[in-house]
Amino acid sequence: MPKLIQISDCHIDDQRLVMGVDSQKNLQSVIEYIQTVKSDALLISGDLTHHGTLSSYQILKKMLSPIKQPIFVIEGNHDDAENLGQVFKEHLFKTFRLDNWEIIHINSVQAGKTSGLASEAALLELDNTCLNSNADHVMVVLHHPIVPMNSSWDDELSLENPQDLFKVLDKHSKIRSIVFGHAHEASEFSRLGKKIISCPSTALQFNQETRIGFNEFELNKNGTINLKTQWI
């Protein structure tokens, strides 16, 4: 069965200290761990950098260079689309396959805003991609939370129109899970048989958790998922 590692909200900057922590040092600890385990792909679900500078993406790219697995990235609200594309062009994706699973990205980033929005165009593209997918199972990834986090997280900073997204998600039985970052915490929910999973940050958590973390997924052929959140 394929194994997918998801990291999120790295917040790499030109300066090492970000939000009171050394985000480069923390990410390096995660990278060292990833090199020791067998996996099929690394997914970074947004906020790769803190201010979106070109040099911060270059720093991150160098940090990730020891990773041998394919790397797939999506944009977060802290990212600069142009600079991200310049450095990580070959790692941006709309879909990729792992065995009989397809991982599909829907963009939720709004220019100049912290909260997310699934545009009509993005929803239509997701719907069509699911309809045309010949995979047995689908995982959808976006940056913003799509459910209330039931924590100290401000849900107004999540996806503004989750019901519009659910209208699409509910149509497709092959969608097994939806994963995201942004909230800097590890949580798991369920809706109509679909797992909804939040990824912790490699920089710092916004709740009382003092460790950094990331998710490991085993994607089973029967559509079930084994999730383990790793903490450092």
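Residues numbered from 1 in each chain as written. Predicted model: local features only at pLDDT ≥ 70, side-chain atom pairs only at ≥ 80, totals over all residues. Heavy atoms only, no water.

Student: Is there a simple way to think about the packing of aromatic side chains in this case?
Tutor: Within a pair of aromatic rings, the relevant descriptors are the distance that separates the centres and the angle that separates the planes. Inspection of the entire model under this criterion finds six aromatic pairs. Taken together, a centroid distance of 6.1 Å and an interplanar angle of 5° make the contact between W153 and F206 stacked. Of this pair, W153 sits in the loop between β8 (137-141) and α5 (162-169) while F206 sits in the loop between β11 (194-198) and β12 (213-219); the two residues are 53 residues apart in sequence, bridging distant segments of the chain. Accessibility expressed as a relative area gives 10% for W153, which makes it buried. In this structure F206 comes out as partly exposed when scored by relative accessible area, which is 39%. These aromatic residues form a ring-pair network of at least three members: F72, F93 and F96. When the ring centre of F166 is taken as reference, the NZ or CZ atom of R191 above it lies at 4.0 Å. (Phe/Tyr/Trp six-rings, centres within 6.5 Å; stacked < 30°, edge-to-face > 60°. Helix = DSSP H or I, 4+ residues; strand = E, 2+ residues; numbered from the N terminus. Buried < 20%, exposed > 50% of the residue type's maximum accessible area, 1.4 Å probe, protein only. Lys NZ or Arg CZ within 6 Å of the ring centre and 35° of its normal.)

Student: Help me understand helix α1 (residues 23-34) in this model?
Tutor: Every α-helical turn comprises 3.6 residues, leaving residues that sit three or four positions apart pointing alike. Helix length check: α1, at twelve residues, gives a terminal C-alpha distance of 17 Å against a target of 16 Å (1.5 Å per residue), a fit within 8%. Of the positions making up α1, those classed as buried are S23, Q24, N26, L27, V30, I31 and I34. Projected down its long axis, α1 shows its buried positions confined to an angular sector of 160°, all on one face. Residues of α1 that are buried make contact with β1 (3-7), β2 (17-18), β3 (21-22), β4 (41-45), α2 (54-64) and β12. The backbone nitrogen of Q24 has a side-chain oxygen 3.2 Å away, supplied by the residue at the start of α1, namely D22. (Expected span 1.5 Å × (residues − 1). Arc of directions from axis to C-beta. Contact = heavy atoms within 4.5 Å. Polar contact = N/O pair within 3.5 Å; in protein donor to acceptor, adjacent residues only side chain to side chain.)

Student: Sorry, what's going on with the nonpolar core here?
Tutor: By size, the foremost hydrophobic cluster in this structure holds 25 residues, and its most contacted members are I106, L126, I146, L165 and L169. Within the residue set of this core, elements represented by two or more residues are α4 (120-132), β8, α5 and β9 (175-180). The contacts of I146, once residues within four sequence positions are left out, are L159, P162, L165, F166, L169, I178, F180 and I196. Of all hydrophobic cores here, the second largest spans 24 residues; its members include I5, I34, M63 and I212. (Core = buried A, V, L, I, M, F, W, Y, C linked by side-chain atoms within 4.5 Å.)

Student: Would you take a moment to explain the sheet that holds β1 for this structure?
Tutor: Two modes of strand pairing occur in sheets, parallel and antiparallel, and in both the strands are linked by backbone hydrogen bonds. Across the sheet, which stays open at both edges, the five strands sit in the order β5-β4-β1-β12-β13 with mixed pairing between neighbours. Pairing within the sheet leaves two strands with one partner each, and these edge strands are β5 (71-74) and β13 (225-231). If you compare each strand with its neighbour and ignore which way they point, the axes differ by 20° on average. Its contacts with the sheet put α1 on β1, β4, β12 and β13, and the angle it makes with β1 is roughly 175°. (Pairing = 2+ DSSP bridges. Axes fitted to C-alpha atoms, helices over the stretch in contact; angles between N-to-C directions.)

Student: In this structure, what is going on with the packing of α1 against α2? I would like to understand it.
Tutor: Each packed pair of helices is defined by two parameters, the angle between the axes and the distance between the axes. One way to put it is that α1 packs onto α2 with a least axis distance of 10 Å and a crossing angle of 25°. The angle between α1 and α2 falls in the class roughly parallel. The way α1 lies across α2 gives a crossing that is right-handed. Facing Q24, L27, Q28 and I31 of α1, the residues of α2 in contact are I59, L60, M63 and L64. In terms of residue class, the contact of α1 with α2 is built from six nonpolar, two polar and no charged. (Parallel < 35°, antiparallel > 145°, perpendicular 65-115°, else oblique. Left-handed = near helix turned anticlockwise from the far one by under 90°. Nonpolar A, V, L, I, M, F, W, Y, C, P; charged D, E, K, R; others polar.)

Function-wise, these values are silent; they only describe arrangement.
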